[in-house]
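# Examining the three-dimensional arrangement
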Amino acid sequence: MRLFGADILPLAAEHIVLALVPVLLGLVVSLPLGWWAWRSRGARRVLLPLTGVLYTIPSLALFVVMPLILGTRILDPVNVVVALTVYAVALLVRSVVDGLDEVPSEVMTAGVAMGYRPLGLLFGVQLPLAVPVLVAGVRVAAVSSFSLVAVGAIIGQGALGTLFTQGFERFYTAQIVFGLVSILVLALLIDALLMMLGRLLAPWAAARAPQKAGDAAQRSSTREQGEAAQRSSTRESAV
Amino acid sequence: MIEFSDVRKAYPDGTVALQSLSLTARAGEITVLVGPSGCGKTTTLRMVNRMVDPSSGTVRLDGVDVSTQDPPTLRRGIGYVIQNAGLFPHRTVLDNVATVPVLLGRRRAEARQAAGELLERVGLDPKVGGRYPSQLSGGQQQRVGVARALAGDAPVLLMDEPFSAVDPVVRADLQDELLRLQSELGRTILFVTHDIDEAIRLGDMVAVLRVGGTLAQFAPPADLLAAPADDFVAGFVGRDRGYRRLQFVGTGSLTLQDFPTTGDGWLLVVDDDGRPTGWRQGDEHVALGTVHAEGGSLRSALDAALSSPAGRGVAVDDDGRVLGGIEPEAVITLLHASSSPAPEAVR
Amino acid sequence: MFSSLIAWFGAPAQWSSASGIPVRLLQHLGYTALAVLVGAVIAVPVGLYIGHTDRGRFLVVGLANGLRALPELGVLVLFVLLLGLGLTPVTLALMLLAIPPLLAGTYAGISGVDPAAVDAARGVGMTERQVLFQVELPNALPLMVAGLRTATLQVVATATIAAFVSLGGLGRYIVDGQAQRDFTQMAGGAILVALLAIVLEVALQGLQRAVTPGARRARSGSRPPTPAVGTSDVVTAGG
């Protein structure tokens, strides 16, 4: 499909790959790192501030510095993938730690007392219970990733983001609006899919919600939402 | 049988959780560890399944030193119930109960089947099996916790303040249920609580621990009430121990009075079967007080006498038919006759 | 590569000319401050209102979620095409990024105040106004500053792409370097942006700690300050 003088479908496919591969890689790296940070106070003290600093670095800067670190060419898509993986890790290590922290201590005690070995406890109890927090983190990482890929267009690697740079050069508003809408729709689609995946992986979390009708519970859930909103908006534009 | 020999627990920072404890919890009995917080009762309990290892001394389970056993394997053979049940929120009630059998390698379908039967056994509708723990009340969750601990067919049960977080009415229910279950199952139960009333209610033997982890007294509950070893135990057992001790005293030779059938005073009203329904004084109808059932304790007899508006309590037989009246003086007389050294026990 | 970077940073013109580092730095900070200020003027009153009355909560959550998926490069070029080159479109685009975290922080701060304290304030006869300004606002400050911190970092990062639409700031080095195939200049700019972001992050973290009552106490105590595991930390996630 050609639109605005560009092949849209390959651009969209490239955008999806550039946005999601880093999230997957980030999750794979974050699980062991997060588990380590959860277990060891020392590791937590180093890893969490470090991920905070990494997250602070603007993405355009990171894209540009990547060749310096990796020895890649400036126009290599690997730069974008690695840079976005860094953000995904920075975000998800925190999610893994939060998710594992979420497991109530009496549940851990009960698991140990019933004869779980450490790995069995991790995969049978801790990780399943961390799923809601983890999925929330992955959703934020994925959606931000879609927006960040577009920034790569400034250095010639932006998939659908090239609609913005080209539209700007040609003063073509329709092209820019189309780019905005298509990235937005893709991101929200992935977000919805991830949300459904979360429901599938943790049906018990949904069962819990209607029970909490008390005033205090209500208030705390509002607060959680506020904080989640806050957290989620944290990184959206690490340009 | 669980034996603690000269067990001591000190932490690297110098705090001593347990001074030196020697204690034997007999097989098939409920042994209660009770004491104020900081007395090391939970530490003691957790040494049995090696959640805590002693600094010195040995813990033996049926003669085998637990320190020689692999902790996860050991734990799968010991039931464990804790304060907030500690159910797995991500598993249904049925799968929660089936946890240990599955860990032991039993087939899941089989384990679930057995779990459903256990739910009934602890007084739950098997229909709750498909729900998640968060959809149950606190009391129900605690019952599931007990079912889960029983599921591995473990001969030994460790219970760490299992009923402390539920309201008093539910707690009394759960206590009754535990006693009923125990009469059927005869497990070896080590039970930790800070509530002396619970200890007295449930324990075949009660160990009172002092802060710092020393044993103040280890005795059956009636002895604890009748003859506290020292001021600490007396203080801990509480102010009205004399009265509470009556629940361990039988009423074998209690003298019953007849009720007047006519007159202006209090008249007992009975139905056609001879069961009491209330009192009458003149034209006024007054509710019954508590009723003493034949074979009950002296405490229930005294309570019947004191709570009756007529000043004379009602004793009934197993079918609820009136046997006679109880005067408070008769109870006191019997108490004098049967007082120390060892009153007959009714548990 | 590193030697040419050192040479780039060391050139005297770099520190005195009109396109030198101090000027670019000040421009960058100027765009950031302006956008955050305008954003705060809008977001803080709205957040106070929503937090105090709990009306319009969906707005906070919806805005945060929706805007996260919006690619800011597209928003920026769109505003420029619609409003023409200049400071106004850039400020508006950056302001759009500052609003969600400021709003979420203010809202979460106010609605998270211990309901018993608010109840007590009404109980002693405070007016709604007094409740808001004397009880809720002081208690909400840490989360509000957390929102400010998130907003600032996002804006400072995104201000980099202002150079793409012909404005100044540190992004100039990246965009010009890209055009001139001068990788040294690009890397130099990237490093400056990253450093600026990290310095701002540390400074705002300090401010946040200063307005958190618990943290202040911990600092003045004899024990070494333990990592705060509170609300401030939650919002920090990925800041």
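Quick caveat, the model's predicted, so the values are computed rather than measured.

### Side note on the overall build of chain A
When its secondary structure is counted, chain A shows 10 helices and 2 strands. Tracing chain A from N to C terminus, the helices and strands come up as β-β-α-α-α-α-α-α-α-α-α-α. The 239 residues of chain A split such that 50% are buried. For chain A, restricting intrachain contacts to residue pairs at least 6 apart in sequence, the fraction spanning at least 24 positions comes to 72%.

### Considerations on the overall build of chain C
Looking only at helices and strands, chain C features 12 helices and 0 strands. Evaluated residue by residue, chain C yields a buried proportion of 49% over its 239 residues.

### Focus on the interface of chain A and chain B
Opposite the 18 residues of chain A that make contact, chain B presents 20 residues. When residues of the side of chain A that touches chain B are traced back to their parent elements, those giving at least two are helix 5 (105-113), helix 6 (118-151) and helix 9 (203-208) of chain A. Residue contributions to the side of chain A that touches chain B peak at 6 residues, all from helix 5 of chain A. Here the residues of the side of chain A that touches chain B are counted per class, giving 12 nonpolar, 3 polar and 3 charged.

### Quick word on helix 1 (residues 8-39) of chain A
All names here are of chain A. Along its 32 residues, helix 1 runs 46 Å from first to last C-alpha, staying within 8% of the 46 Å computed at 1.5 Å per residue. At S30, helix 1 is deflected by roughly 35°, the largest bend along its length, and proline P32 occurs up to four residues later in sequence. Every buried residue of helix 1 is listed here: L11, H15, L18, A19, P22, V23, G26, L27, S30, G34, A37 and W38.

### Side note on the nonpolar core
Ranked by internal contacts, the top residues of the largest apolar core, which has 223 residues, are V97 of chain B together with L76, V77, L94 and A98 of chain C. Counting the residues that make up this core, at least three belong to each of domain 1 (2-236) and domain 2 (239-347) of chain B. Residues contacting V77 of chain C, with those up to four places away along its chain left out, are F164, G167, F168 and I176 of chain A together with V165 of chain C.

### Some thoughts on the sheet that holds strand 12 (residues 276-281) of chain B
All names here are of chain B. Within the open sheet, the 3 strands sit side by side as 11-12-13. Their pairing is antiparallel. Of all the strands in the sheet, just strand 11 (266-270) and strand 13 (284-286) have a single pairing partner and so form its edges. The sheet shows a mean angle of 35° between the axes of neighbouring strands, direction not considered. Across 5 bridges, the pairing between strand 11 and strand 12 is antiparallel. Across the sheet, the residue bridging to L268 is W279, located in strand 12.

### Examining the arrangement of the chains
Here 2 pairs of chains make contact, and the pair sharing the most contacts is chains A and C. Nowhere do chain B and chain C come into contact; their C-alpha atoms are at least 17 Å apart.

### Here we look at unusual backbone geometry
If you check the backbone angles, A159 of chain A has positive phi at about 45° while not being a glycine. Positionally, A159 of chain A belongs in the loop between helix 6 and helix 7 (162-170). Classification of A159 of chain A by C-beta neighbours within 10 Å gives buried; the count is 24. Here E161 of chain B, not a glycine, exhibits a phi torsion of approximately 45°, which is positive. Mapped onto the fold, E161 of chain B is located in the loop between strand 7 (156-160) and helix 7 (168-185). On the basis of neighbour counts, which here come to 19 C-beta atoms within 10 Å, the residue E161 of chain B falls in the partly exposed class.

### Remarks on the pairing of strand 16 (residues 322-326) of chain B
All names here are of chain B. By the bridge criterion, 4 bridges tie strand 15 (residues 313-316) to strand 16 in an arrangement that is antiparallel. The residue bridging V314 from the neighbouring strand is G325, located in strand 16. Following strand 15, the chain reverses through 5 residues before pairing antiparallel with strand 16; G320 in that reversal takes a positive phi of roughly 90°.

### Some details on the confidence of the model for chain A
Residue and element names in this part refer to chain A. Per-chain confidence: chain A averages 83 in pLDDT, with 84% of residues scoring 70 or above. Looking over chain A, one finds the lowest element-wise mean pLDDT in helix 10 (residues 215-233), namely 39, and the highest in helix 1, namely 94. Here residues 210-239 scores under 50 on pLDDT; set against residues more than four positions off or in separate chains, the count is 82 contacts.

### Things to note about the environment of V128 of chain B
Residues and elements named next belong to chain B. Residue position: V128 is located in the loop between helix 5 (108-121) and helix 6 (138-150). For the pair V128 and G139, spaced 11 residues apart in sequence, the C-alpha separation works out to 13 Å. If sequence neighbours within four positions are ignored, V128 has contacts with V93, L119, L136 and Q140.

### Comments concerning the sheet that holds strand 8 (residues 188-193) of chain B
Residues and elements named next belong to chain B. With mixed pairing, the 6 strands of this open sheet are ordered in space as 6-7-8-3-9-10. Since the sheet does not close on itself, it has two edges, and those belong to strand 6 (78-81) and strand 10 (214-219), each with one partner. For this sheet the average axis-to-axis angle between neighbouring strands, irrespective of direction, equals 15°. Across 5 bridges, strand 7 lies against strand 8 in parallel orientation. Counted as the bridge partner of L157 is I189 from strand 8.

Thresholds applied
- Residues numbered from 1 in each chain as written.
- Chains lettered and ligands numbered in written order.
- Predicted model: local features only at pLDDT ≥ 70, side-chain atom pairs only at ≥ 80, totals over all residues.
- Helix = DSSP H or I, 4+ residues; strand = E, 2+ residues; numbered from the N terminus.
- Buried ≥ 20, exposed ≤ 12 C-beta atoms within 10 Å, placed from the backbone.
- Contact = placed C-beta atoms within 7 Å.
- Nonpolar A, V, L, I, M, F, W, Y, C, P; charged D, E, K, R; others polar.
- Expected span 1.5 Å × (residues − 1).
- Bend = angle between axes of the 7 residues up to and from the residue.
- Core = buried A, V, L, I, M, F, W, Y, C linked by C-beta atoms within 7 Å.
- Domains from an automatic or database assignment.
- Pairing = 2+ DSSP bridges.
- Axes fitted to C-alpha atoms, helices over the stretch in contact; angles between N-to-C directions.
- pLDDT = per-residue confidence, 0-100.

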